[in-house]
Amino acid sequence: MKQPLFFVSNWKMYLSYQANVALYQQYEKQLESTVAATGHTLIVCPTVSALATIARDKSVPFYLSGQTCAAYSHGAYTGDTDAQSLRELGCTYCIVGHSERRLYHHETDEIVAHQTQQLLHQGLIPIVCIGETKEEKENNQTRAVIARQLTAVIRVITRSTVPYFLVAYEPVWAIGSGKLPHQHEVERVFSFIKTLTHGLNLPPIKLLYGGSINPSSVDSLKNTKDLDGFLVGKTSINVAEYKVVIQACNW
Ligand code: PGA
């Protein structure tokens, strides 16, 4: 029997505050028993404005996560959310390095490393997103990109005391596009990540795949070797479809 998986539900900025709260209630009604029965870990990443409300009646089988965090602990950083507040709001996890943050907010590897450090100071578990763009893939730079993005973060995670951390391989060209890498491609990236991190003084790594996971695509990747879960964007705001995805991984 295979291990239960992590399902990271990245709601991005798809919905308003009220719609986030309503969606969480739908999760409670429609996903709670599925998650409890399968033993999977379901992590919800709502919009930051809804975290406090959702945390107030958070259901037991679900965990909360931020979608990003500030690179500094506190200070004159208008619009940022600090890691301590995420912890105080009930988060256990936080995404860092999502390609949308790297692209639209110019978050460099160095910034992602600082953000990761902030999370670790607060005992939050990082969900580190890495992945190559279409151009980088076409220029055979996938390994170089993964190595660069991961190395920056690994330096700060070394010797940290979190029980484990998550690395989500999200090819940028697969996010929201309906395009999917072949299972062998994901396996090659996972094995490369293992080689890169082998022998380092790191907490255990959980390997996720993210990008265009939906009811019709999940079967093609759910048997990926070394896969510990999925990071799901668009499909995670459609509870009926998400339930199909989760149930497809019911072994
Ligand atoms: P998607 O997004 O599932 O909508 O492709 C995944 C992500 O951006 O994390």
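For the structure, see preceding data.
Throughout this document, residue positions are counted from 1 along each chain, in the order its sequence is written. Under the rules for a predicted model, residues below a pLDDT of 70 receive no local features and side-chain atom pairs below 80 are neither given nor counted, while totals for whole chains, interfaces and linings still include all residues. Calculated side-chain values reflect all of the structure's heavy atoms, with hydrogen atoms and water omitted.

What counts as an axis is a line fitted to C-alpha atoms, over the stretch in contact for a helix, and the angles between N-to-C directions run from 0 to 180 degrees. Starting at the N terminus, helices and strands are each numbered in turn, a helix being any DSSP run of H or I of at least four residues and a strand any DSSP run of E of at least two. At a minimum axis distance of 10 Å, the contact between helix 1 (residues 17–38) and helix 10 (residues 239–248) shows a crossing angle of 30°. Judged on the interaxial angle alone, helix 10 and helix 1 are roughly parallel. Considering only the axes of helix 1 and helix 10, their crossing is right-handed. Here Leu-23, Gln-26, Tyr-27, Gln-30, Leu-31 and Thr-34 of helix 1 come into contact with helix 10, specifically with Val-239, Tyr-242, Lys-243, Ile-246 and Gln-247. Nonpolar residues are Ala, Val, Leu, Ile, Met, Phe, Trp, Tyr, Cys and Pro. Charged residues are Asp, Glu, Lys and Arg, and all others, Gly as well, are polar. Class assignment for the residues of the contact of helix 1 with helix 10 results in six nonpolar, four polar and one charged. With respect to orientation, any angle under 35 degrees is reported as roughly parallel, any angle over 145 as roughly antiparallel, any angle of 65 to 115 as roughly perpendicular, and every other angle as oblique. Note on convention: near helix rotated counterclockwise from far helix by under a right angle means a left-handed crossing. Clockwise means right-handed. Residue contacts follow a heavy-atom distance rule, with two residues in contact if any of their heavy atoms lie within 4.5 Å.

Between the first and last C-alpha of helix 5 (residues 109–121) there are 18 Å, a value that for 13 residues agrees with the 18 Å anticipated at 1.5 Å per step. Among the residues making up helix 5, those that are buried are Asp-109, Val-112, Ala-113, Gln-115, Thr-116, Gln-118, Leu-119 and Leu-120. Trailing helix 5 by a residue or two, Gly-123 shows a phi angle of about 75°, which is positive. Helices are assigned an expected span. That span is 1.5 Å times one less than the residue count. With a 1.4 Å probe rolled over the protein chains alone, any residue whose accessible area is under 20% of its type maximum counts as buried; one over 50% counts as exposed, and the rest are partly exposed.

What follows covers the site of the ligand. Taken together, Asn-10, Lys-12, His-98, Glu-170, Ile-175, Gly-176, Gly-211, Ser-212, Leu-231, Val-232, Gly-233 and Lys-234 form the complete shell of residues around the ligand. Separating an oxygen atom of the ligand from a backbone N or O atom of Ser-212 is a distance of 2.7 Å. Contact with the protein chains removes 98% of the 280 Å² of surface that the ligand exposes when unbound. Grouping the constituent residues of the shell around the ligand by class yields three nonpolar, six polar and three charged. Near, as used in this document, describes a residue that has one of its heavy atoms within 4 Å of the molecule or strand being considered. Throughout this description, a polar contact denotes any pair of N or O atoms lying within 3.5 Å of each other; where both atoms belong to protein, one of them has to be capable of donating a hydrogen while the other can accept it, and for residues adjacent in sequence the pair is counted only when both atoms sit in side chains. In short, Shrake-Rupley with a 1.4 Å probe defines the accessible areas, and a residue's cover is counted only from the protein chains shown.

That's the geometry; what it means functionally is another story.
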